[in-house]
Amino acid sequence: MRAVILVGGLGTRLRPLTYTSPKQLLPVLDVPMIERKIAQLVAQGVDDIVFSMGYRPDTFLEAFPGDVCAGAKLTYVVEKTPLGTAGAIAFAAREAGINETFLAMNGDTLTDLDVNALLAMHKVSGAEGTITLTPVDDPSRFGVVPTEDDGRVIAFIEKPPRDEAPTNLINAGTYVLEPSFVDRVPEGREVSIEREIFPAVVADKALFAGHFDRYWLDIGTPEAYLQGNLDAIDSDLGGGNFLGAGVSVHGNTTIHRSIVGHGSSISAGATLRECVLLPGVVVEEGAVIERSIVGEFSRVGAGARLSDLTVVGGNLTVAALATLNAEKVSPAGI
Ligand code: GTP
């Protein structure tokens, strides 16, 4: 079984972190999130991966020398212009010569989905496409997907008012698709899977969906990225802190439920609470970082205070004694 993974988006909501790294290469407990995702696929027997790329393809080539990631073989397909979610899947499938049932998925979700259960459902229904659903508290910000009892999709309803939504289940971004699905996608232009292609398959009564009640998180925003790291501390380590290789921590620091990327250095008197530091970050004396994210190789000056989802991009310096509350610090000139 081959899997197309979409990794080509700009990741605008995660700027400034995504100026230096595509979203899928941002680490979760020091491992690129896409590598965690692929490791889970490999554990379930899916080890032939096609990356559908657009933004910064060079960074993926550097991250996975030998075109291998977590034991999976990687094939790269690069778009000249963004083709949108359906356009990208179809372009990758055509370029990679996929001509049998395949998996396709967004590259920016963390999930422990059982792909074999999804494949089994697809086989039983004989669908052209089978998609996964996940519940959300407030469906009014998403496209919701009501189904018949047997899983056949009735409609895609974009952003329904909360009290009118027929279900709180939304598209979770992992699909099993037949080659005929690819044939539906026009070539050479941007095509959205949710707005254009899924509704056409629904009209032909050929789209099914399943809710598998597993961990699922779209890490597309700073808040979700922080949450994904905290969830991983809880699930992988049973709580506590994650300190990467070669981290130096000097005396008298307070570190609570935080992730410190490899090679970082925390000076005396610093406080870290529920934050993510990417690799190579330097935190100077007495700085306080709470519920915030600091990009790779950045420096937080002595006595600075970062809080409330402040996000500092990579290779930057926060001045000593600066106070940043819910701010984004980007490279100069952007
Ligand atoms: P924002 O700019 O923050 O909205 O993020 P995004 O567009 O990078 O990601 P979004 O959540 O909208 O897309 C879901 C997945 O599809 C992500 O893994 C993206 O990298 C990927 N993606 C989005 N658009 C494209 C595209 O045009 N081409 C390719 N190859 N991948 C895409």
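None of these values were measured; they are calculated from a predicted model.

1. Describing the pattern of salt bridges
Side chains carrying opposite charge are able to pair once their charged atoms draw close together.
Inference 1: Across all of its chains, the model carries 17 salt bridges by this definition.
Inference 2: A salt bridge links Arg-94 to Glu-187; the shortest N-O distance between them is 4.0 Å. In this pair, Arg-94 sits in helix α4 (residues 84-95) while Glu-187 sits in the loop between α6 (179-183) and α7 (193-203), placing the two residues 93 residues apart along the sequence.
Inference 3: Using a relative accessible area of 31% as the deciding quantity, one classes Arg-94 as partly exposed.
Inference 4: Note that Arg-299 and Glu-284 form a salt bridge whose closest N and O atoms lie 2.6 Å from each other. Taken as a pair, Arg-299 in strand β25 (residues 299-300) and Glu-284 in the loop between β22 (282-283) and β23 (288-290) lie far apart in primary sequence, 15 residues in all.

2. Some words on α7
Inference 1: Of the positions making up α7, those classed as buried are Ile-193, Ile-197, Phe-198, Val-201 and Val-202. Angular distribution of buried residues about the axis of α7 spans 140 degrees; they occupy a single face of the element. Of the exposed residues in α7, those oriented more than 90 degrees away from the buried face are Arg-195 and Ala-203.
Inference 2: In this structure, the buried residues of α7 make contact with α4, β9 (129-135), β12 (169-177), α6 and β13 (207-211).
Inference 3: Lys-205 occupies a position one or two residues after α7 and carries a positive phi of about 55 degrees.

3. Describing the layout of surface pockets
Inference 1: When its volume is computed, the second largest pocket comes out at roughly 350 Å³.
Inference 2: Contributing to the lining of the second largest pocket are 20 residues, with Ser-21, Leu-25, Pro-32, Ala-63 and Glu-296 lying nearest its centre.
Inference 3: At the level of secondary structure, the elements contributing two or more residues to the lining of the second largest pocket comprise α1 (17-20), β3 (31-32) and α3 (57-63).
Inference 4: Considered class by class, the residues forming the lining of the second largest pocket number 10 nonpolar, 6 polar and 4 charged.

4. Some remarks on the packing of aromatic side chains
A ring pair, where both rings are aromatic, is described by two values, the distance of the centres and the angle of the planes.
Inference 1: Counted under the stated rule, the structure contains 6 aromatic pairs.
Inference 2: On the basis of an interplanar angle of 65 degrees and a centroid distance of 5.5 Å, the ring pair of Phe-51 and Phe-60 is categorised as edge-to-face.
Inference 3: Measuring from ring centre to ring centre gives 5.1 Å for Tyr-175 and Phe-198, while their planes differ by 80 degrees; the resulting arrangement is edge-to-face. One end of the pair, Tyr-175, is in strand β12; the other, Phe-198, is in helix α7, with 23 residues separating them in the sequence.
Inference 4: We classify Phe-198 as buried; its relative accessible area is 0%.
Inference 5: What links up through ring pairs into an aromatic cluster is the set Phe-51, Phe-60, Phe-64 and Tyr-76.

5. Structural notes on the pairing of strand β7 (residues 102-106)
Inference 1: Judged by how many residues are buried, β7 sits mostly within the fold: 4 of 5 residues are covered.
Inference 2: Bridge count for strand β1 (residues 2-6) against β7 is 4 bridges, and the pairing is parallel. Residue pairing across strands places Ile-5 opposite Met-105, the latter belonging to β7.
Inference 3: Direction of pairing for β7 relative to β12: antiparallel, over a ladder of 4 bridges. Considered in β12, the bridge of Leu-103 is made with Val-176.

6. Brief notes about the site of the ligand
Inference 1: Surveying the vicinity of the ligand reveals 20 residues, the closest of which are Leu-6, Thr-12, Arg-13, Ser-52 and Glu-79.
Inference 2: A distance of 2.8 Å is found between an oxygen atom of the ligand and a side-chain nitrogen or oxygen belonging to Arg-13.
Inference 3: Between a nitrogen atom of the ligand and a side-chain N or O atom of Ser-52, the distance comes to 2.8 Å.
Inference 4: Calculation on the ligand without its partners gives an accessible area of 610 Å², and the protein chains cover 82% of this total.
Inference 5: Those elements giving two or more residues to the shell around the ligand turn out to be β4 (48-53) and α4.
Inference 6: Of the residues in the shell around the ligand, the class split is 7 nonpolar, 9 polar and 4 charged.

7. What about the sheet that holds strand β29 (residues 323-325)?
Inference 1: One open sheet holds the 5 strands; their spatial order is β17-β20-β23-β26-β29, and the pairing between them is parallel. Of all strands in the sheet, those with a lone pairing partner are β17 (254-256) and β29, marking the two edges. Looking at each pair of strands side by side, their axes are set apart by 5 degrees on average, direction ignored.
Inference 2: As paired elements, β23 and strand β26 (residues 305-307) share 2 bridges and run parallel to each other. Bridge pairing in β26 links Val-288 to Arg-305.

Cut-offs used in this document
- Residues numbered from 1 in each chain as written.
- Predicted model: local features only at pLDDT ≥ 70, side-chain atom pairs only at ≥ 80, totals over all residues.
- Heavy atoms only, no water.
- Salt bridge = Lys/Arg side-chain N within 4 Å of Asp/Glu carboxyl O.
- Helix = DSSP H or I, 4+ residues; strand = E, 2+ residues; numbered from the N terminus.
- Buried < 20%, exposed > 50% of the residue type's maximum accessible area, 1.4 Å probe, protein only.
- Arc of directions from axis to C-beta.
- Contact = heavy atoms within 4.5 Å.
- 1 Å grid on protein atoms, 1.4 Å probe; cavity = no way out; pocket = protein on both sides within 12 Å on 5 of 7 lines; lining within 4 Å.
- Points joined across faces, edges and corners; volume = space filled by probe spheres on them.
- Nonpolar A, V, L, I, M, F, W, Y, C, P; charged D, E, K, R; others polar.
- Phe/Tyr/Trp six-rings, centres within 6.5 Å; stacked < 30°, edge-to-face > 60°.
- Pairing = 2+ DSSP bridges.
- Near = heavy atom within 4 Å.
- Polar contact = N/O pair within 3.5 Å; in protein donor to acceptor, adjacent residues only side chain to side chain.
- Areas by Shrake-Rupley, 256 points an atom, 1.4 Å probe, with all protein chains shown as cover.
- Axes fitted to C-alpha atoms, helices over the stretch in contact; angles between N-to-C directions.

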